[in-house]
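Descriptive structure summary
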Amino acid sequence: MTKRKKLAFNLISITIIFLFLELMSAVVYKTYVSQNEIISQSILKRKGCVEVLSSSELHFMLGTVYKKDSGCLHKNINDHGFMSRNFNIKEIEKYHDVLILGGSVAEELYIYKSNDKGLPISDIERRMNKNFVDAIGRKFRVFSAARIDMRQPQQIIMLSLLAAKVDTVINIEGYNEQHGINSRSLISPSTQEFVVHKYYDELKANFKDRENLRSHWLTKNTYLGKMLYAFKIKNSFKKLEEFSGNTGGEPGRVKVFTKKGSYQHYRNMLKSQGGICKTFKLNCYVFLQPIPQLYKKLTKNEYVNSFEGESVTEWRQKGLDYSEMEEFVYSKPIVGLKLFSLIEIFKNEEKRAYSDIIHYYEYPGEDVADGNLMIIEKIISELKKDNILVDL
């Protein structure tokens, strides 16, 4: 065989092997990885996105984040995969920077009445800057690291990465944490040392590594690259669990708690977050979000939207569990945090407030309450009491 024929044979063999690996990777990726990432959310459907999968990519610490170029959402996605301003925060001395953390309720509150052209400026930021400055006369910038289905410890991870760049932190959470407790999937670093000290540099390095790998041409253009990226994420999750002290030295196994043990675990996570806030001298607020099963007399429409196929017993039990979690987790002070419960915020509201099991209507009207605005006003009132917001 001549050298030319041998070279041609080798190139053809490599091409066939690559195509075979690409085909197998496509099958595995579409049947294994993708099926685990299909999530729907009402606000995305209203904007024309049927599945978050089509607009998401895997993240080795956070589960999934949005793609920068993700169809109907791309105008609102920052470089790290959140609906927010970019996190490469500059001029930090010139502005009072506020970070919002949480799941889809916090995410929707951030983009509530936002500008669809370019990155969003949230309504809460507009209200702050229209009427207030901070105690030393600075204007406000509001950022969001909230995303659908996020729960602790994702909030702690994002806070650890951005703590040195912001002044005030607002968590809006509770429903996803309770869901995690019920499904035994609540994973947490057990001490503030996890984030603040020992692993802070490693988290930052991993975040940068994830950005480099995500932008690699192989990841963008081939299923083989996507699978390699997915395996890296899986291994990183194992490492995260090892860091958190929950695996007993066995990667991939999560410690199972009793219900009250899970409540204590959730409280420990908030203590961890309080430790970060104290270390970085931040103003940190945690608001427990309301749910339809508590306090509000639901309209027929709300009841149907919130029921989601559960039995009446299951539906009511969820409310009882949520009240129990509030009492156990939020009733006693936590150093570094200010805790507030919003579960009664719609108590006297006769209009529809809930559009589904947890979210509020994007467009309020004559018979529809403005749930997002009610929560924004509550947040602003608490910041005013602490002189973080000072009247112009």
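Residues numbered from 1 in each chain as written. Predicted model: local features only at pLDDT ≥ 70, side-chain atom pairs only at ≥ 80, totals over all residues. Heavy atoms only, no water.

Observations regarding the overall build of the chain
- Each helix and strand in the chain was counted, giving 14 helices and 9 strands.
- When the 392 residues of the chain are sorted by exposure, 52% land in the buried category.
- Working note: accessible area of the chain is about 19000 Å², and carbon and sulfur atoms make up 55% of it. (Helix = DSSP H or I, 4+ residues; strand = E, 2+ residues; numbered from the N terminus. Buried < 20%, exposed > 50% of the residue type's maximum accessible area, 1.4 Å probe, protein only. Areas by Shrake-Rupley, 256 points an atom, 1.4 Å probe, with all protein chains shown as cover.)

Considerations on the confidence of the model for the chain
- Confidence in the prediction of the chain, expressed as mean pLDDT, is 77, and 70% of residues score 70 or more.
- Segment residues 34–53 is flagged for pLDDT under 50; beyond a separation of four residues in sequence, or across chains, it makes 48 contacts in the model.
- Below pLDDT 50 for its whole length, residues 183–200 participates in 58 contacts with residues either more than four positions away or in separate chains. (pLDDT = per-residue confidence, 0-100. Contact = heavy atoms within 4.5 Å.)

Here we look at the sheet that holds strand 7 (residues 283–288)
- Within the open sheet, the 5 strands sit side by side as 5-3-6-7-8. Their pairing is parallel. Two strands lie at the open edges of the sheet, namely strand 5 (139–144) and strand 8 (338–341), each paired on one side alone. Between one strand axis and the next, the sheet turns by 20 degrees as a mean value, whatever way the strands run.
- Taken strand by strand, helix 13 (residues 312–330) contacts strand 6 (168–173), strand 7 and strand 8, and its axis lies near 155 degrees from that of strand 7.
- Strands strand 6, strand 7 and strand 8 of the sheet are contacted by helix 14 (residues 371–385), whose axis makes an angle of about 145 degrees with strand 7. (Pairing = 2+ DSSP bridges. Axes fitted to C-alpha atoms, helices over the stretch in contact; angles between N-to-C directions.)

Focus on the packing of aromatic side chains
- Per the stated rule, a full pass over the model turns up 12 aromatic pairs.
- An aromatic cluster is present here, built from Tyr-285, Phe-287 and Phe-340 joined pairwise through their rings. (Phe/Tyr/Trp six-rings, centres within 6.5 Å; stacked < 30°, edge-to-face > 60°.)

Section: the environment of Met-83
- Its location among the elements puts Met-83 in the loop between strand 2 (63–66) and strand 3 (95–102).
- Taking the C-alpha atoms as reference, Met-83 lies 7.8 Å from Ala-145; in sequence the two are 62 residues apart.

Some words on helix 11 (residues 259–279)
- For helix 11, which comprises 21 residues, the first-to-last C-alpha distance of 30 Å matches the rise-based estimate of 30 Å (1.5 Å per residue) to within 8%.
- Among the residues trailing helix 11, Lys-281 stands out with phi positive, at a value near 55 degrees. (Expected span 1.5 Å × (residues − 1).)

Examining the pattern of salt bridges
- This model, assessed by the stated rule, comprises 13 salt bridges.
- When the shortest N-O distance is used, the salt bridge between Arg-138 and Asp-134 registers 2.8 Å.
- Here Arg-138 falls in the buried class, since its relative accessible area comes to 14%.
- Where Glu-302 meets Lys-296, a salt bridge forms, and the shortest distance between an N and an O atom there is 2.8 Å. (Salt bridge = Lys/Arg side-chain N within 4 Å of Asp/Glu carboxyl O.)

A few points about the state of the cysteines
- Within this structure, the stated rule accounts for 1 disulfide.
- Shown here is the disulfide that connects Cys-277 with Cys-284, its sulfur atoms set 1.9 Å apart. Judged by the sign of its S-S torsion, about -95 degrees, the bond between Cys-277 and Cys-284 is left-handed. The same class applies to Cys-277 and to Cys-284, which are both buried. (Disulfide = S-S within 2.5 Å.)

A few points about unusual backbone geometry
- A positive phi angle, near 55 degrees, is found at Lys-281, a position not held by glycine.
- Its place among the elements puts Lys-281 in the loop between helix 11 and strand 7.
- Phi is positive for Tyr-295, which is not a glycine, with a value near 70 degrees.
- Following the sequence through the fold, Tyr-295 ends up in the loop between strand 7 and helix 12 (300–307).

Some words on the packing of helix 4 (residues 123–131) against helix 14
- Two numbers describe how helix 4 lies on helix 14: the axes approach to 11 Å, and their chain directions differ by 40 degrees. As the angle between them shows, helix 4 and helix 14 are arranged oblique. Where helix 4 crosses over helix 14, the handedness of that crossing is right-handed. Two secondary-structure elements touch here, helix 4 through Asp-123, Ile-124, Arg-127 and Met-128 and helix 14 through Leu-373, Ile-376, Ile-379, Ile-380 and Leu-383.
- Partitioning the contact of helix 4 with helix 14 into residue classes produces 7 nonpolar, no polar and 2 charged. (Parallel < 35°, antiparallel > 145°, perpendicular 65-115°, else oblique. Left-handed = near helix turned anticlockwise from the far one by under 90°. Nonpolar A, V, L, I, M, F, W, Y, C, P; charged D, E, K, R; others polar.)

Overview of helix 4
- Within helix 4, the full set of buried residues consists of Asp-123, Ile-124, Glu-125, Met-128 and Asn-129.
- Residues of helix 4 that are buried make contact with strand 3, helix 3 (104–111), strand 4 (132–133), strand 5 and helix 14.

Re the pairing of strand 7
- Where burial is concerned, most of strand 7 is hidden: 5 out of the 6 residues are buried.
- Both strand 6 and strand 7 contribute to a ladder of 6 bridges, which runs parallel. Across the sheet, the residue bridging to Ile-172 is Phe-287, located in strand 7.
- Relative to strand 8, strand 7 runs parallel, the two sharing 4 bridges. Of the residues in strand 8, the one forming a bridge with Tyr-285 is Lys-338.

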